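Coordinates in review
Given next are the chains, with one letter for each unit.
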Amino acid sequence: MTATAFPAAVLFDLDGTLLDSAPDFIATANGMREARGLEALPLEQLRPVVSKGSRAMLAVAFPQMADSERQALIPEFLDVYESLIGRHARLFDGVATLLDVLDKAGSRWGIVTNKPEYLAKLILPQLGWEQRCAVLIGGDSLAERKPHPLPLQVAAQRIDIAPGRCVYVGDDERDIVAARAAGMPSVAALWGYRLDDDDPLAWQAEQMCETPQQLWHPAAWPATRPASA
């Protein structure tokens, strides 16, 4: 079932959904490789795993290392990324207008990401989102992170809108699993980062969208529960 109006609230994943942050991450990985005398990786090699987090990106950047060695590199990876955050990243085409459309419709929107909260907070002022973003939950904000439903449940609670009246938009299976467990309709953002063997159909999101532009229209959104439900 599709909607006839925009949802009361929309919660978004960040990397791969709102923000094309892969260029920042490839700069981070290649800076670390250069410091170790290794040649640069092409963006296309790292891009598919960006939504999987720092461990997955380090596995691509340093495949010759043991897991324990890569684990030890996570603090360095995050420090390097923090030093250049936002320098190369850009909003996906159509996202800025999508957020404008939601604002004009009176829909509230926020971010639920597995990125550490302190890093996500650095991005908001770069994009002028400090006042517009109604809630921000990072991967370390709570005791659980996606695919656990707690971050989505807490985000809905903080904006005082029931989960069933919100929609979650994300580009990874964890996003859809978390939304389903939270009782929140979801949209699979097919413009994001995916491995070749990922099957978004198997995620069973209520809707799948190829581009942010599709979400400019109410009919592209899954139906949510009425306020009285």
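Here we summarise the structure given alongside this text. (Residues numbered from 1 in each chain as written. Predicted model: local features only at pLDDT ≥ 70, side-chain atom pairs only at ≥ 80, totals over all residues. Heavy atoms only, no water.)

The helix and strand inventory of the chain stands at 10 helices and eight strands. Computed over its C-alpha atoms, the radius of gyration of the chain comes to 17 Å, within 12% of the 17 Å expected for a compact globule of 229 residues. The buried share of the chain, taken over its 229 residues, is 50%. In the chain, the proportion of contacts linking residues at least 24 apart, taken out of those at least 6 apart, comes to 65%. Carbon and sulfur atoms make up 51% of the accessible area of the chain, which amounts to about 10,400 Å² in all. (Helix = DSSP H or I, 4+ residues; strand = E, 2+ residues; numbered from the N terminus. Rg over C-alpha atoms; globule rule 2.2 N^0.38 Å. Buried < 20%, exposed > 50% of the residue type's maximum accessible area, 1.4 Å probe, protein only. Contact = heavy atoms within 4.5 Å. Areas by Shrake-Rupley, 256 points an atom, 1.4 Å probe, with all protein chains shown as cover.)

Let us look at the packing of helix α5 (residues 74-84) against helix α7 (residues 117-127). Put simply, α5 and α7 touch, their axes get as near as 11 Å, and they point 10° apart. The orientation of α5 relative to α7 falls into the category roughly parallel. Each of Leu78, Tyr81 and Glu82 in α5 lies in contact with α7, whose residues at this interface are Tyr118, Leu119, Leu122 and Ile123. Residues that form the contact of α5 with α7 fall into these classes: six nonpolar, no polar and one charged. (Axes fitted to C-alpha atoms, helices over the stretch in contact; angles between N-to-C directions. Parallel < 35°, antiparallel > 145°, perpendicular 65-115°, else oblique. Nonpolar A, V, L, I, M, F, W, Y, C, P; charged D, E, K, R; others polar.)

Right, let's talk about the sheet that holds strand β7 (residues 186-189) for a bit. Taken in spatial order, the six strands line up as β5-β4-β1-β6-β7-β8 in an open sheet, and their pairing is parallel. For this open sheet the edge positions go to β5 (136-137) and β8 (207-209), each flanked by a neighbour on one side alone. Pairing of strand β1 (residues 9-12) with strand β6 (residues 166-170) involves four bridges; the strand directions are parallel. By the bridge assignment for β6, Val10 is matched with Val167. (Pairing = 2+ DSSP bridges.)

With that out of the way, let us pick up the layout of surface pockets. Approximately 440 Å³ is the volume found for the largest pocket. Residue lining of the largest pocket: 26 residues in total, with Gly53, Ser54, Asn114, Lys115 and Arg145 positioned closest to the centre. Sorting the residues of the lining of the largest pocket by element identifies α3 (54-61), α5 and α9 (173-182) as the ones contributing at least two each. The leading source of residues in the lining of the largest pocket is α5, at four residues. (1 Å grid on protein atoms, 1.4 Å probe; cavity = no way out; pocket = protein on both sides within 12 Å on 5 of 7 lines; lining within 4 Å. Points joined across faces, edges and corners; volume = space filled by probe spheres on them.)

Attention now goes to the environment of Glu39. Considering the arrangement of structural elements, one finds Glu39 in the loop between α1 (22-35) and α2 (43-46). Overall, the relative accessible area of 65% leaves Glu39 in the exposed class. Residues Glu39 and Ala96 lie 57 residues apart in sequence; the distance between their C-alpha atoms is 35 Å.

It is worth spelling out helix α6 (residues 95-105) at this point. All of the buried residues in α6 are Val95, Leu98, Leu99 and Leu102. Buried residues of α6, seen end-on, are gathered within an arc of 95° and therefore sit on one face of the element. Packing partners of the buried residues in α6 comprise β1, β3 (90-91) and β4 (108-112). In the segment just after α6, Gly106 is the residue with positive phi, at about 85°. (Arc of directions from axis to C-beta.)

When you tally the buried positions in β4, you get four out of five residues, the bulk of the element. Note that β1 and β4 share four bridges and pair parallel. Across the sheet, residue Val10 finds its bridge partner in β4, namely Trp109. Two strands pair when backbone bridges link them, and β4 and β5 are joined in this way by two bridges, in the parallel orientation. Counted as the bridge partner of Val112 is Ile137 from β5. In this view, the connection linking β4 to its parallel neighbour β5 by way of α7 has right-handed handedness. (Right-handed = clockwise from strand over helix to strand, strands pointing away.)

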